[in-house]
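These are the residues of each chain, in order.
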Amino acid sequence: MIVCVAVVGHQNNPLYIQSFTEADDALKLHHIVHCSLDVVDERVNNPKKSGLTLNETFLGLLYPTENYKVYGYLTNTKVKFILVTTDLDVRDADVRNFFRRFHAAYVDAVSNPFHVPGKRITSKTFAERVSNIVKSFGLSSAG
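Below is a summary of the structure that appears in this document. On a predicted model such as this, the values are computed, not experimentally measured, just so you know.

Conventions adopted
- Residues numbered from 1 in each chain as written.
- Predicted model: local features only at pLDDT ≥ 70, side-chain atom pairs only at ≥ 80, totals over all residues.
- Heavy atoms only, no water.
- Pairing = 2+ DSSP bridges.
- Helix = DSSP H or I, 4+ residues; strand = E, 2+ residues; numbered from the N terminus.
- Axes fitted to C-alpha atoms, helices over the stretch in contact; angles between N-to-C directions.
- Contact = heavy atoms within 4.5 Å.
- Core = buried A, V, L, I, M, F, W, Y, C linked by side-chain atoms within 4.5 Å.
- Buried < 20%, exposed > 50% of the residue type's maximum accessible area, 1.4 Å probe, protein only.
- Parallel < 35°, antiparallel > 145°, perpendicular 65-115°, else oblique.
- Expected span 1.5 Å × (residues − 1).
- Arc of directions from axis to C-beta.
- Polar contact = N/O pair within 3.5 Å; in protein donor to acceptor, adjacent residues only side chain to side chain.
- 1 Å grid on protein atoms, 1.4 Å probe; cavity = no way out; pocket = protein on both sides within 12 Å on 5 of 7 lines; lining within 4 Å.
- Points joined across faces, edges and corners; volume = space filled by probe spheres on them.
- Nonpolar A, V, L, I, M, F, W, Y, C, P; charged D, E, K, R; others polar.

Before going further, it helps to examine the sheet that holds strand β2 (residues 14–19). Ordered in space as β2-β1-β5-β4-β3, the 5 strands form an open sheet in which the pairing is antiparallel. Of all strands in the sheet, those with a lone pairing partner are β2 and β3 (58–64), marking the two edges. Neighbour to neighbour, the strand axes of the sheet diverge by 15° on average, direction disregarded. For strand β4 (residues 69–74) and strand β5 (residues 80–85), the ladder comprises 6 bridges, and the chain directions are antiparallel. Considered in β5, the bridge of tyrosine 73 is made with phenylalanine 81. Of the strands in this sheet, β1 (2–8), β2, β3, β4 and β5 touch helix α3 (residues 92–110), which is tilted by about 135° from β5.

Quick look at the side chain of serine 19 now. With respect to the helices, strands and loops of the structure, serine 19 is situated in strand β2. Setting aside chain neighbours within four positions, we find serine 19 in contact with Val3, Cys4, Ala26 and Leu29.

Before going further, it helps to examine the nonpolar core. Residues Val5, Val7, Phe98, Phe99 and Phe126 are the most contacted members of the largest nonpolar core, which totals 25 residues. Those elements giving two or more residues to this core turn out to be β1, β2, β4, β5, α3 and α4 (124–135). Other than its neighbours up to four places away in sequence, phenylalanine 99 contacts Phe58, Tyr71, Gly72, Tyr73, Phe81, Ile82 and Leu83. With 18 residues, the next largest nonpolar core counts Ala6, Tyr68, Val70 and Val84 among its residues.

Running from N to C, α3 and α4 cross one another at 175°; their axes reach a closest spacing of 10 Å. Between α3 and α4, the angle falls in the class roughly antiparallel. Each of Phe98, Arg101, Phe102, Ala104, Ala105, Tyr106, Asp108 and Ala109 in α3 lies in contact with α4, whose residues at this interface are Phe126, Arg129, Val130, Ile133 and Val134.

As a further point, take α4. Between its terminal C-alpha atoms α4 stretches 16 Å, which fits the 16 Å expected from 12 residues at 1.5 Å a residue. By the burial criterion, the buried members of α4 are Phe126, Val130, Ile133 and Val134. Projected down its long axis, α4 carries its buried residues within an arc of 100°, all on one side. Exposed positions of α4 whose direction lies more than 90 degrees from the buried face are Lys124, Thr125, Glu128 and Lys135. Residues of α4 that are buried make contact with β1, β2 and α3. Here α4 starts with a cap whose side-chain oxygen sits 3.3 Å from the backbone nitrogen of threonine 125, and that cap is serine 123.

Where burial is concerned, most of β1 is hidden: 7 out of the 7 residues are buried. Here β1 pairs with β5 via 6 bridges, running antiparallel. By the bridge assignment for β5, isoleucine 2 is matched with threonine 85. Relative to β2, β1 runs antiparallel, the two being bridged by 5 bridges. Within β2, the position partnered with valine 5 by the bridge is glutamine 18.

What follows concerns the layout of surface pockets. Using a probe with the size of a water molecule, rolled over the atoms, empty space left in the structure can be pinpointed. In this structure, the largest pocket occupies an estimated 260 Å³ of space. As for the largest pocket, its lining consists of 16 residues, and the residues nearest its centre are Leu15, Thr77, Val79, Tyr106 and Gly118. Residue classes in the lining of the largest pocket are distributed as 6 nonpolar, 10 polar and no charged.

Spelled out as structure tokens, the structure:
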């Protein structure tokens, strides 16, 4: 189950953070997202150590914690997408599919002429699309 998704700008400024759990966990999830940015920077700045190619946008598992797994994705414009899940046996194909759909929703949101680049995403349509993507996570592999 996905418990948090985040969009972080190229200067590590939060553009969108949504948690899908009780309010008690929200601060902890924000902390996990913030800590994952160090891992993203390390992988991007040291591609030889992480085994990433220059055109790879899916960063894979950033780090596991006791209760969560954190995955990352980097766009061509250096915007980072972070996914925090409680499922400890998630397939990479499902996560890649999630990020592909999430990226499409993000592109639609920032293509809005009323959106100011680099500012928080406040679109209700984007929030609804993200919620639908989160609800459908992992369902394609069940059938």
